[in-house]
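# Fold and contact review
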Amino acid sequence: MSKKTATYHFQPIQGGCLLDIGIYNVALTEDFAKTLPKVEVLENKMDISGVESYTKAKLLFPNLSATIECAFDRNKQTEATIKGEKGQIEIKNFHRAESFIVKTSSGTKNYHIAYEQDDFHGEIAHVIQCYGKNKTESNNMPISDSVNCALIIEKIKNQIPELAV
């Protein structure tokens, strides 16, 4: 077994770029559409270990569409662009964003929101806060959102012949 395939990233059950990094794309999209989309896989490449090393898919929701892309086998920018009727929002490094740009017909505005310590500190503090209040579910990320994200990933994988169950 090579060093690369010895990590969980390349193990067939829990590996693949969709579960490791694609979930950030899906979660961002799910924030705007709380339903399950129709899925069209536009491109896909499998690693010799049997997991997807690159996937590009279109998610079609009733009122919006999104194209997501994730890869182990190439360098891709981790940026998201959200386009609407009145402008767009650009988020660099969206899976660990500290800033974003809003562009409208009236101009461009940059926003910066620094972490208290790092990107996981706020999540851990929130879990501790919920635990202290005997809450088993967060209003920030309800279980239904997590389930939707898992179902969207499953729908994408089911469009890839080598991964369909």
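Parameters and conventions
Residues numbered from 1 in each chain as written. Predicted model: local features only at pLDDT ≥ 70, side-chain atom pairs only at ≥ 80, totals over all residues. Heavy atoms only, no water. Axes fitted to C-alpha atoms, helices over the stretch in contact; angles between N-to-C directions. Helix = DSSP H or I, 4+ residues; strand = E, 2+ residues; numbered from the N terminus. Parallel < 35°, antiparallel > 145°, perpendicular 65-115°, else oblique. Left-handed = near helix turned anticlockwise from the far one by under 90°. Contact = heavy atoms within 4.5 Å. Nonpolar A, V, L, I, M, F, W, Y, C, P; charged D, E, K, R; others polar. Pairing = 2+ DSSP bridges. Phe/Tyr/Trp six-rings, centres within 6.5 Å; stacked < 30°, edge-to-face > 60°. Lys NZ or Arg CZ within 6 Å of the ring centre and 35° of its normal. Expected span 1.5 Å × (residues − 1).

Turning our eyes to something else, we now look at the packing of helix α1 (residues 17–32) against helix α3 (residues 143–158). Geometrically, a packed helix pair is captured by the angle between its two axes and the distance between the axes. Taken N-terminus to C-terminus, the directions of α1 and α3 make an angle of 120 degrees; their axes are 9 Å apart at the nearest point. Here α1 lies oblique to α3, going by the angle between them. Helix-helix and strand crossings are classified by hand; for α1 and α3 the assignment is right-handed. Contact residues: Leu18, Leu19, Gly22, Ile23, Val26, Ala27 and Glu30 in α1; Asp145, Asn148, Cys149, Ile152, Ile153, Ile156 and Lys157 in α3. Residues that form the contact of α1 with α3 fall into these classes: nine nonpolar, two polar and three charged.

Further remarks concern the pairing of strand β1 (residues 38–46). Where β1 and strand β2 (residues 52–60) come together, eight bridges link them in antiparallel fashion. Bridge pairing links Lys38 to Leu60 in β2.

It is worth spelling out the packing of aromatic side chains at this point. With the rule as written, the count across this model stands at two aromatic pairs. Consider the rings of Phe100 and Tyr111, whose centres lie 4.8 Å apart with planes at 10 degrees: the pair is stacked. Highlighted residues: Phe100 in strand β6 (residues 99–104) and Tyr111 in strand β7 (residues 107–112), separated in sequence by eleven residues. The ring of Tyr54 has Arg74 sitting right over it, with the charged end atom 3.6 Å from the ring centre.

Here we take up helix α2 (residues 121–132). Given a rise of 1.5 Å per residue, twelve residues ought to cover 16 Å, and the 16 Å separating the end C-alpha atoms of α2 matches this to within 8%. Downstream of α2 by one or two residues, Asn134 has phi in the positive range, about 55 degrees.

Right, let's get into the sheet that holds β1. Strands sit in the order β1-β2-β3 across an open sheet of three strands; the sheet is antiparallel. Sheet topology places β1 and β3 (65–71) at the edges, where each strand pairs with a single neighbour. Sheet twist, expressed as the mean angle between neighbouring strand axes with direction ignored, is 10 degrees. Relative to β3, β2 is paired through seven bridges, and the arrangement is antiparallel. Note on β3: the bridge partner recorded for Ala57 is Ile68. Where α1 meets the sheet, it contacts β2 and β3, and its direction lies at approximately 155 degrees from that of β3. Across the face of the sheet, α3 comes into contact with β1, β2 and β3 while running at roughly 110 degrees to β2.

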